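Listed below, chain by chain, are the residues.
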Amino acid sequence: MSIPIQRMLSDATFPPLRRLRASISPLLYIPPRINAAARIRHHQQCRSFYLYKTAISKVVLGMHKVLPFSLYTFDNHKEPKHRVNLVQPHTLRRMPIPGCYGDIIAEGISFEELYETHVKPGWLLYLADDMPKRDARPDTLKKNNGADIYKTYGLYKASAEASAKARQAQGAKHIHLGIFSDSSYYTLSLNRAYHFLEAGCRVEFILRLPTGFVKKKITAHSLEPGDPTIWPWLHNHFPHLRPDFICRAMPAGTYYLIDPVSDGRTVQFVLAKPTNAHTGETKPCLTPRLFEKRKAVIQALKRGEFLQNIPSELREKVRLSEVPEDGEYDDENWVREVIKNT
């Protein structure tokens, strides 16, 4: 005898169902607008040489990268004849978008007028035109007259107060920049440097050429100085890369803790803001200590020390080179000839 299904269901007992609660907020989530800072082109990782760490180091081991560096001299901001355009200052919180800017407020102005009238502490100078990476090479810029194409600049207002991250920072901070840096990355980096200096940190700037324009493999030739005419030409046509313009845009009182130095491929310098204990003529300067360390490296190589830390080609050349007696040789000429003939 079969029992109807309806009767079976009516006689059956089921446990009470638990009430399920689910949040619908994920369904209502609207992604925020992606600002310019999120679209920046990040630089490739690189093994950099840091001036501050080298200057304060108590050992010579591993400091051979200082060999090709020398003091970098460039024309005063009054000397370049190149003219640039300046657009309306950017005062919004978001970073500027490459190629998007307001009306031109000054056309065909000199570097001197730009430096003395417009660039002030807290106002960061950046290249407003979007420069494709394929054009961001010194040889390409010279060939295509790129300095006359990319000559529009803007000013970005830095934050007045240091961020919490900057107040908690310790030691020296590193800022990597180049002619290939777009306006979003460039202003973001300078804004960070401004925060760090306001918080009392030391900031080291590394201005470098495009990676494809220099040798990547670390050999003896990487210790040979590069072309000394590239960076002076760039600084005479692109003011936002000049160390004096960068220093002027930082907080009032900022000075060179280590003066600009260069190996032909990079230009590096360290900025600092004097504390209450270092004012006036007592501001510390680590440039002499940097070159004392360089001299110590040369003398160590002459004595045959630390050869395992230098490229193999240079190591063999140092071993085979004839080193005159102390007092009869010139350190600079010796190391220059050894690296050049490797």
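Scoring rules and cut-offs
- Just so you know, the residues in each chain are numbered from 1, in the order the chain's sequence is written.
- The model is predicted, so local features are restricted to residues of pLDDT at least 70 and side-chain atom pairs to those at 80 or more, both for listing and for counting; the totals for chains, interfaces and linings are taken over all residues.
- Side-chain descriptors were evaluated using all non-hydrogen atoms of the structure, hydrogens and water having been removed beforehand.
- Every case where a carboxyl oxygen of Asp or Glu lies within 4 Å of a side-chain nitrogen of Lys or Arg is listed as a salt bridge.
- Note on exposure labels: buried denotes an accessible area under 20% of the residue type's maximum, exposed denotes more than 50%, and partly exposed covers the range between, all computed with a 1.4 Å probe on protein chains only.
- Only runs of H or I of at least four residues qualify as helices and only runs of E of at least two qualify as strands under DSSP, and these elements are numbered from the N terminus.
- Contact definition: two residues touch when any of their heavy atoms are within 4.5 Å.

**Q** Please explain the pattern of salt bridges as it appears in this structure.
**A** It is possible for side chains of opposite charge to pair when their charged atoms get near one another. Within the structure shown, the criterion is met by four salt bridges. As a salt-bridge pair, Asp139 and Arg137 come within 3.4 Å of each other at their nearest N and O atoms. Accessibility expressed as a relative area gives 36% for Asp139, which makes it partly exposed. In this structure Arg137 comes out as partly exposed when scored by relative accessible area, which is 26%. Notably, a salt bridge pairs Arg265 with Asp263, separated by 3.6 Å at the nearest N-O pair. Judged by its relative accessible area of 18%, Arg265 is buried.

**Q** Would you explain the environment of Tyr153 in this entry?
**A** Summarising the element assignment, Tyr153 is placed in strand E5 (residues 152–157). A relative accessible area of 0% places Tyr153 in the buried class. Each C-alpha atom of the pair Tyr153 and Val84 lies 7.3 Å from the other, and the pair is 69 residues apart in sequence. Filtering out sequence-adjacent residues up to four positions away, Tyr153 remains in contact with Val84, Asn85, Leu86, Val87, Leu125, Tyr126, Leu127, Ala128, His237, Phe238, Pro239 and His240.

**Q** Even after reading the chapter, I still don't get the environment of Pro274, so can you show me in this structure?
**A** Along the chain, the position of Pro274 falls in the loop between strand E9 (266–272) and helix H10 (287–302). For Pro274, a relative accessible area of 25% puts it in the partly exposed group. In the structure, Pro274 is positioned 21 residues away from Gly253 in sequence and 7.0 Å away in space, judged by C-alpha atoms.

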